[in-house]
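# Residue-level structural notes
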Amino acid sequence: MDIEVRNLTYEYDSGTPQAVRAVDDVSLTIPGGQFVGIVGHTGSGKSTLVQLIDGLLKPTAGSVYLDGEDIASRKFDRKHMRSLIGIVFQYPEYQLFETTILKDVCFGPLNMGLKQEEAVNAATDALLRLGIPRESFGASPFEISGGQKRRVAIAGVLAMNPKILILDEPTAGLDPGGREEVLGLLKSLNESGLTIILVSHSMEDVAKYVDRILVMNEGKIFMDGNGKEVFSHVEQLEEIGLAAPEVAYLMKAVHDAGIPVATNITTAEEACGEILRALKN
Amino acid sequence: MDKFIEIDKIAYDYNRLDEEGNVEGVNRALDGVSIDAKRGEFITILGANGSGKSTLAKHINALLFPAEGTVTVDGNNTADEEKLLEIRQCAGMIFQNPDNQIIGTIVEEDVAFGPENMGVESKEIRERVDESLKAVGMYDYRESSPNKLSGGQKQRVSIAGVLAMHPKCIIMDEPTAMLDPQGRREVIRAARALNDVEGITIILITHYMEEAIYSDRIYVMDAGRVVMEGTPKEIFSKTEELKSHKLTIPQVTAVAVALKEAGLNLPDGILSRKELVAELARLKKE
Ligand SMILES: Nc1ncnc2c1ncn2[C@@H]1O[C@H](COP(=O)(O)OP(=O)(O)OP(=O)(O)O)[C@@H](O)[C@H]1O
Ligand SMILES: Nc1ncnc2c1ncn2[C@@H]1O[C@H](COP(=O)(O)OP(=O)(O)OP(=O)(O)O)[C@@H](O)[C@H]1O
Ligand SMILES: [Mg+2]
Ligand SMILES: [Mg+2]
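These numbers come from a predicted model, not from an experiment. (Residues numbered from 1 in each chain as written. Chains lettered and ligands numbered in written order. Predicted model: local features only at pLDDT ≥ 70, side-chain atom pairs only at ≥ 80, totals over all residues. Heavy atoms only, no water.)

In this section: the domain arrangement of chain A. All names here are of chain A. One can read the domain layout of chain A as domain 1 (3–244) and domain 2 (245–281). Listed as interface residues are 11 residues of domain 1 and, on the opposing side, nine residues of domain 2. Across the interface of domain 1 and domain 2, roughly 750 Å² is buried in total on both sides, 59% from carbon and sulfur atoms. By the criterion of area lost to domain 2, the three top residues of domain 1 are Ala207, Lys228 and Ala244, representing 57% of everything that side buries. Put simply, domain 1 and domain 2 have one salt bridge between them. Of the charged contacts in the structure, one is a salt bridge between Glu270 and Lys228, with a shortest N-O distance of 2.6 Å. Summed over the shared surface of domain 1 and domain 2, the number is five residue pairs in polar contact (both at pLDDT 80 or more). Contributing elements (two or more residues each) for the side of domain 1 that touches domain 2: helix H7 (203–209), helix H8 (227–230) and helix H9 (234–239). (Domains from an automatic or database assignment. Contact = heavy atoms within 4.5 Å. Buried area = accessible area lost by both parts, 1.4 Å probe. Salt bridge = Lys/Arg side-chain N within 4 Å of Asp/Glu carboxyl O. Polar contact = N/O pair within 3.5 Å; in protein donor to acceptor, adjacent residues only side chain to side chain. Helix = DSSP H or I, 4+ residues; strand = E, 2+ residues; numbered from the N terminus.)

With that settled, consider the domain arrangement of chain B. All names here are of chain B. Domain annotation of chain B identifies domain 1 (3–103 + 159–242) and domain 2 (250–286). Taking only C-alpha atoms into account, the centre of domain 1 sits 32 Å from that of domain 2. Taken together, the eight residues of domain 1 in the interface contact eight residues of domain 2. Between domain 1 and domain 2, the buried area comes to about 670 Å², and carbon and sulfur atoms account for 64% of it. Considering only the surface of domain 1 that becomes buried against domain 2, Ile213, Lys233 and Phe236 emerge as the three largest contributors, covering 58% of it. Linking Lys233 and Glu275 is a salt bridge whose minimum nitrogen-to-oxygen distance equals 2.7 Å. Seen at the junction of domain 1 and domain 2, the total is four residue pairs in polar contact (both at pLDDT 80 or more). Class assignment for the residues of the side of domain 1 that touches domain 2 results in four nonpolar, two polar and two charged. (Nonpolar A, V, L, I, M, F, W, Y, C, P; charged D, E, K, R; others polar.)

The final tally for this structure, using the stated rule, is four aromatic pairs over all chains. With a centroid separation of 4.9 Å and 80° between ring planes, the pair formed by Tyr10 of chain A and Tyr12 of chain A is classed as edge-to-face. Overall, the relative accessible area of 32% leaves Tyr12 of chain A in the partly exposed class. The ring of Tyr139 of chain B is capped by Lys134 of chain B, whose NZ or CZ atom sits 4.7 Å from the centre of that ring. (Phe/Tyr/Trp six-rings, centres within 6.5 Å; stacked < 30°, edge-to-face > 60°. Buried < 20%, exposed > 50% of the residue type's maximum accessible area, 1.4 Å probe, protein only. Lys NZ or Arg CZ within 6 Å of the ring centre and 35° of its normal.)

On to the site of ligand 2. In the vicinity of ligand 2 there are 19 residues, among which Ser145, Gly147 and Gln148 of chain A together with Lys53 and Thr55 of chain B approach most closely. Looking at the residues close to ligand 2, they fall on chains A and B. At a separation of 2.6 Å, an oxygen atom of ligand 2 approaches a polar side-chain atom of Ser145 of chain A. Ser54 of chain B places a polar side-chain atom, nitrogen or oxygen, 2.8 Å from an oxygen atom of ligand 2. Across the complex, the protein chains shield 86% of the 640 Å² of accessible surface that ligand 2 would expose by itself. Looking at the shell around ligand 2, the elements with two or more residues in it are helix H5 (146–158) of chain A together with strand S2 (23–38) and helix H1 (53–60) of chain B. Split by residue class, the shell around ligand 2 holds four nonpolar, 12 polar and three charged. (Near = heavy atom within 4 Å. Areas by Shrake-Rupley, 256 points an atom, 1.4 Å probe, with all protein chains shown as cover.)

Here we take up the side chain of Asn195 of chain B. Residues and elements named next belong to chain B. Note on placement: Asn195 falls in helix H6 (residues 181–198). By relative accessible area, Asn195 is classed as buried at 10%. With near-sequence residues (within four places) excluded, Asn195 lies in contact with Gly40, Glu41, Phe42, Ile200, Thr201 and Ile202.

Now for the site of ligand 1. Residue and element names in this part refer to chain A. Around ligand 1, the structure places 13 residues, and the nearest of them are Gly43, Lys46, Ser47, Thr48 and Gln90. One of the backbone N or O atoms of Ser44 is found 3.1 Å from an oxygen atom in ligand 1. Within the side chain of Gln90, a nitrogen or oxygen atom sits 2.8 Å from an oxygen atom of ligand 1. Taken by itself ligand 1 offers 640 Å² of open surface, and the protein chains cover 67% of this. Mapped onto the shell around ligand 1, the elements with two or more residues apiece are strand S2 (20–30) and helix H1 (46–53). Considered class by class, the residues forming the shell around ligand 1 number three nonpolar, nine polar and one charged.

Following this line, the structure appears as structure tokens:
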């Protein structure tokens, strides 16, 4: 399922003196099955853009098409769309509302028309994949730690078995083990055909996992390319509040110290191989 | 040396409620935790989700009280009700989401809010606001509206707001989790400067291993207990043990470890880019 965004603009408080143009004339296409990362400084418009794609916000101008169909058109089947696209919000507190963790994660599948038993199975499976143990299923989703809330919120969306999964900073507040697990899970979902849109502040994570990086700046798409392409523009990224992955700086320093390594390196594995190669010669 | 914060074998239980809201049991979130910090020390607390870090942090400024054991801050026991106000002013707290912490519509108003509430007289408030904003590098933005600021800038304004109450200690619970790389750097730099220049004791909780390398000491928590304690060099030399607690090592350290495993003669516990580059330059000469 392809996503197409055409001349999309969104203003908060549009038409008032406080109007903020959060997304500014953005056009792009995301073909089905792609793993896309969106990065950008705080306030650059990432969360607004993904909420427009999900149809949660109504564009001030422009349109979003799913497989060529305008999601704002009357004929468009919104209920069906809700089961196709899942979104995990930046602040999981806004997503959780039921009295127990299990009920919370069952809500989506039940709403889609699954029977109670099927919903419980889907929810159980999703929770276990996110590392929430069965003993905790009865706990209130409000009385758990920050990282546990985020895991429950992700499970809630996963349980609906969407075709397109949008995650707004899903790894913020997760411990390093959880971060690897969640990103690994996204990778395997992507390999089984899901389109994944991952908003992230971690340059290391997008460098390691995604096929394509969209860099946002002040509501616009500032760069669009794979990790190697995007992270070759370190200075431009720094000017807009971003950075290259830590290893890119390491390789530059190694190079400057007179060891002839390539500097277009974005992951730890590559860095290691490249340093060994350069030292052997 | 004098112990500024002394947490001695504390336990804490959250009540577990059933669907009608009756207590059906307890969750032991902290179990025999002992931690201390000297005056002016920079301490980092690492640990898996749910390991008890935030619960522990809330004990230091007397938002929570231990079921067992004692918490002493600057010589005052948090069990002593008469000292509560003093303890809360002495230990300020910063949380994850900057948007939830800023109330004022102008930066300097926001920073003045704390001292105003404490009843500080207005001339002194002015001075405190200015010095706090300068200390975090946000003085030039004193007349801006907070919602025009970046996340890192907002978070620094929250820190200034805490500073204006003249705390001796600041507890930061994942202050950089929602920030872009530059914002993250700004906040950590501000924390280090307050520690170095003003001698403020810092307790930093983070899931970013890179942010822990500057601290004097690190505590690692798992399932409500302290399981490791040491300098960054000591802690980050124990890759496997950290992994068993759902943690990892900084990216530069990971590269160094992989190089060592591939046969290079490198020491354990390399933390910074500079150290690794120096070691590699040495190897090249040999
Ligand atoms: N509900 C709102 N009302 C008014 N302005 C808003 C609202 N939400 C966001 N904005 C503004 O819109 C712009 C884009 O915000 P958005 O949340 O999309 O950015 P972001 O890239 O997701 O940032 P972050 O990295 O901090 O999550 C910012 O200037 C922000 O202040
Ligand atoms: N309000 C609450 N009621 C009941 N149990 C709670 C509550 N808050 C936290 N807990 C439980 O107490 C334990 C410790 O939680 P805490 O928030 O201190 O963890 P943490 O180390 O800060 O985790 P994170 O890295 O996810 O923020 C967890 O098992 C959690 O589920
Ligand atoms: Mg956002
Ligand atoms: Mg916490």
